[in-house]
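# Structure assessment
Each chain, letter by letter, is given below.
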Amino acid sequence: MLPAEAARGGDAIDLVWLVALVPLAAAVVNGAFGRRWLRKWTGPIATVALGVSAVLGVAILFAVIGLGHEASRRVTLYEWIGVGDFHVGATALVDPLSAFMVATVTVVSLLIHVYSNGYMAHDRGIHRFFTWLPLFVFFMLTLVLADNYVLMFVGWEGVGLCSYLLIGFWFEREAPYVAAKKAFVMNRIGDWGFTIGVILTFLTFGSVAFHDVFPKAAEVQKAEPGMLTLIALAFFLGATGKSAQLPLYSWLPDAMEGPTPVSALIHAATMVTAGVYLVARSTALFAAAGPALLVVAVVGAITAIFAATIALVQTDIKRVMAYSTVSQLGYMFLATGVGAPIAAMFHLATHAFFKALLFLGSGSVIHATEEQDMRRMGGLRRKMPVTYWTMLVAGGALAAIPPLAGFWSKDEIVGAAFTNGYPILWGVGVFTGALTAFYVTRALYLTFGGEPRDQHLYEHAHESPQVMTIPLLALAVGAVLAGIVLGFPPEGGFVHRFLEPSVAVEGAARHAEPEMIVVLALAAASVVAGLVGIGIGLAMYARRRPDPAALSRAAGPAYTLLVNRYYVDELYDRRFVDLMRAAFGAAWAFDVHIIDGIVERLGALARLIGSQGRRLQTGLVGNYALSIVAGLVVLIVVYGGYATGILRR
Amino acid sequence: MSALVPLGAFIALSAALFFIGMAGVLVRRNAIVILMCVELMLNATNLAFVAFSRRLGLLDERGSVFVVFVFVVAAAEVAVGLAIVLAAYRNRPTVDVDEVKEMRG
């Protein structure tokens, strides 16, 4: 810390490490003592720790707001790596972007921890659950707060590990551990890209710290065209893995095998947004890197529409939400790609609230009915009013109905695509918006609307306990208000003014401010698309006009294609997994026959020498004495020979 | 040293004793006798030490000193050797070294 900084009075920002370390402490305590002594207390311990963390997180957000426009401070805990020119500090970068993320992550995590106390109450592995969940929060905060790519990578890998452990939480069944393995392996592919990005960054810039790299980005682009693009694309490959974008998205729907709070926290609200955060954080890098940004936008848009079409026909309530998440993450990448990283972060925050709510609501339904197939539900609105109304709010937010949260952020993304000169991507965004509205209407109507389709299931359904419904209500407040509070008026709301300094790129041309009439027209287009989607959804499922079953028959092969998720998993199995298996088989054979063969031959040689050599050990003292004497004679002859010159030549 | 007995005689006696002892170690099978023969060999070298020491007396007394070391080592060797013989005898009532073949590889 610089002397000038040490001189000023302390504030919440100096405690920034506590935000991450308190959940870590809870994880350590629960991990060490949870199984034997603290089983019942693991939930409360983790929840209290997250409470402390959330209070600090919000305090830091307000402290950063208080510091005003140029707030950006680095808090160094210690120097982690110092080898030659390579320095990596365990340093937190506290600026508007990270403070915004920290507040979002800690608050959503707290609510999900509270909810988990109810949802996991009867699970045998509750101590494991409440070890890994706060551990995940620790790694997520490390990722967000890191001031350099290497420390960020620690958090990046850590959240991947926790994700793996929690997807495979019910490892006694086959599907969860297969899904966990799939998630881990697919993330490895992305992490490989991240690693390449870090190495190239160090080789090119001579540092991995953000404050060294970003100011030099434009300079490097001039000196070595191509290199910066390569770095940006390598980082983006990492982001596609972690944030489930094409082509590395297919682990996320399978990750729904984990407990529902995990799906809500890790696979909807926080971890999967790490890729968006990475790209938004590296805005300076991407903006200077030429075509890389366009790649980000196109991949995001394609992912958004691709996943939304799959979500149209899924029958598992959590899978609908999973594909919806992939699709919404696509929107966020679209936003960063078209030069609107603030809109991406805005959507990230609103999405964290309404998607966590949709997942927790689904969890509440699953908890009540022990069923995930929506075709067997129906009519549950009468049994579970709190869950119904909160999910309806979240669904409205997802469908971008004004004035709910999703409207403000999604409209901004789609609008930015248009005003920044990508009309095709704008069209994709609006059309995907209609699809989104349709599938969320369908999911909610199948679950809560109409008459019960399974009387037995309906009769046993019940509203969840308060420990679960209160987080739902809290998130619903967020899903209603987050958009207006953070993002009104459009393009000039709190979130824009606040995040502007973090993502500002020096020398970048400002996009012309669009006319008010254009903004309104674009918003109207989004809203109309959403309403059309909802209208078609209600017509099909409430009034059977057109009848969904008849429509799916009429669609024929297209419907089959969607139900089978475009056969992507099969394609990957055929093209990559089988190939890998063959390669690993060959490597295994090499190990067994060649490597082990050499070792075994050496062992056999040693045994041979030993079995022959043992004959010398007769056990007869006389023989030993004789050999000593013989040795003595040889010594005397040789030494005497040399001493007397007889043997000397 | 008496001038009447030349150094060569001492050396010859020492060598004779040494080879007698060595022959005993090699050919006898009784462990006690073998130990006695080892003593004979040690003392043969002692004789050579003191003979040379006496001859070089004014220049070097280290030969005599070395004899004392040999005594100490011999005493220790006998103690250990007899203990081993006793232990082997308790295990099987014989002191014939050819009968004791437990260490065969």
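The structure displayed is predicted, hence computed values, not measured ones.

### Let's talk about the overall build of chain A
The helix and strand inventory of chain A stands at 27 helices and 2 strands. Counting contacts in chain A only where the partners sit at least 6 residues apart, residues at least 24 apart contribute 80% of the total.

### Considering unusual backbone geometry
Glycine aside, a negative phi is what most residues show, and trans is what most peptide bonds show. Residue and element names in this part refer to chain A. Here L246 and P247 are connected by a cis peptide whose omega angle stands at 0 degrees. With respect to the helices and strands, the residue P247 is situated in the loop between α9 (227-242) and α10 (251-254). With omega at 5 degrees, the peptide bond leading from P402 into P403 counts as cis. Backbone geometry at A244 places phi at a positive 55 degrees, although glycine is not the residue there. Looking at the secondary structure, you find A244 in the loop between α9 and α10.

### Digging into helix α3 (residues 42-67) of chain A
Taking 1.5 Å as the rise per residue, α3(A) with 26 residues should run 38 Å; its terminal C-alpha atoms sit 37 Å apart, in good agreement. One or two residues past the end of α3(A) sits A:G68, with phi positive at roughly 85 degrees.

### Here we look at the pairing of strand β1 (residues 73-83) of chain A
Residues and elements named next belong to chain A. With 9 bridges joining them, β1 and strand β2 (residues 86-94) adopt antiparallel strand pairing. Within the sheet, the bridge partner assigned to Y78 lies in β2 and is A90. Between the end of β1 and the start of β2, which pair antiparallel, lie 2 residues, with G84 showing a positive phi angle near 60 degrees.

### With respect to the confidence of the model for chain B
Residues and elements named next belong to chain B. Taken as a whole, chain B shows an average pLDDT of 86; of its residues, 91% reach a score of 70 or greater. Here helix α3 (residues 62-91) stands out as the element of chain B with the lowest mean pLDDT, 90, in contrast to helix α1 (residues 7-27), whose mean of 92 is the highest. Of the two predicted TM-score estimates for the complex, the pTM is 0.77 and the ipTM is 0.82.

### Examining α3(B)
The terminal C-alpha atoms of α3(B), which comprises 30 residues, lie 44 Å apart, in line with the 44 Å expected from a rise of 1.5 Å per residue. Counting buried positions over the 30 residues of α3(B) gives 0, only a small fraction of the element.

### Here's the deal with the packing of α9(A) against helix α14 (residues 292-311) of chain A
All names here are of chain A. It is the contact of α9 with α14, at a shortest axis distance of 9 Å, that shows an interaxial angle of 20 degrees. One way to sum up the angle between α9 and α14 is to call them roughly parallel. In the crossing of α9 with α14, the sense of the turn from one axis to the other is right-handed. Residues T229, A232, L233, F236 and T240 of α9 touch α14, and the partners they reach there are A292, V295, V296 and V299. Counted by class, the contact of α9 with α14 contains 7 nonpolar, 2 polar and no charged residues.

### Structural notes on the nonpolar core
Counting 207 residues, the largest nonpolar core has A:I60, A:L334, A:A356, A:L357 and A:A479 as the members making the most contacts within it. With 17 residues, helix α16 (residues 341-369) of chain A is the single largest residue contributor to this core. For A:A356, the contacting residues outside a window of four places in its chain are A:V108, A:I112, A:A264, A:L265, A:A268, A:A269 and A:L475. Membership of the second largest hydrophobic core comes to 6 residues, among which are B:V25, B:A31, B:I34 and B:V100.

Here is what the cut-offs are and how they apply
Residues numbered from 1 in each chain as written. Chains lettered and ligands numbered in written order. Predicted model: local features only at pLDDT ≥ 70, side-chain atom pairs only at ≥ 80, totals over all residues. Helix = DSSP H or I, 4+ residues; strand = E, 2+ residues; numbered from the N terminus. Contact = placed C-beta atoms within 7 Å. Expected span 1.5 Å × (residues − 1). Pairing = 2+ DSSP bridges. pLDDT = per-residue confidence, 0-100. Buried ≥ 20, exposed ≤ 12 C-beta atoms within 10 Å, placed from the backbone. Axes fitted to C-alpha atoms, helices over the stretch in contact; angles between N-to-C directions. Parallel < 35°, antiparallel > 145°, perpendicular 65-115°, else oblique. Left-handed = near helix turned anticlockwise from the far one by under 90°. Nonpolar A, V, L, I, M, F, W, Y, C, P; charged D, E, K, R; others polar. Core = buried A, V, L, I, M, F, W, Y, C linked by C-beta atoms within 7 Å.

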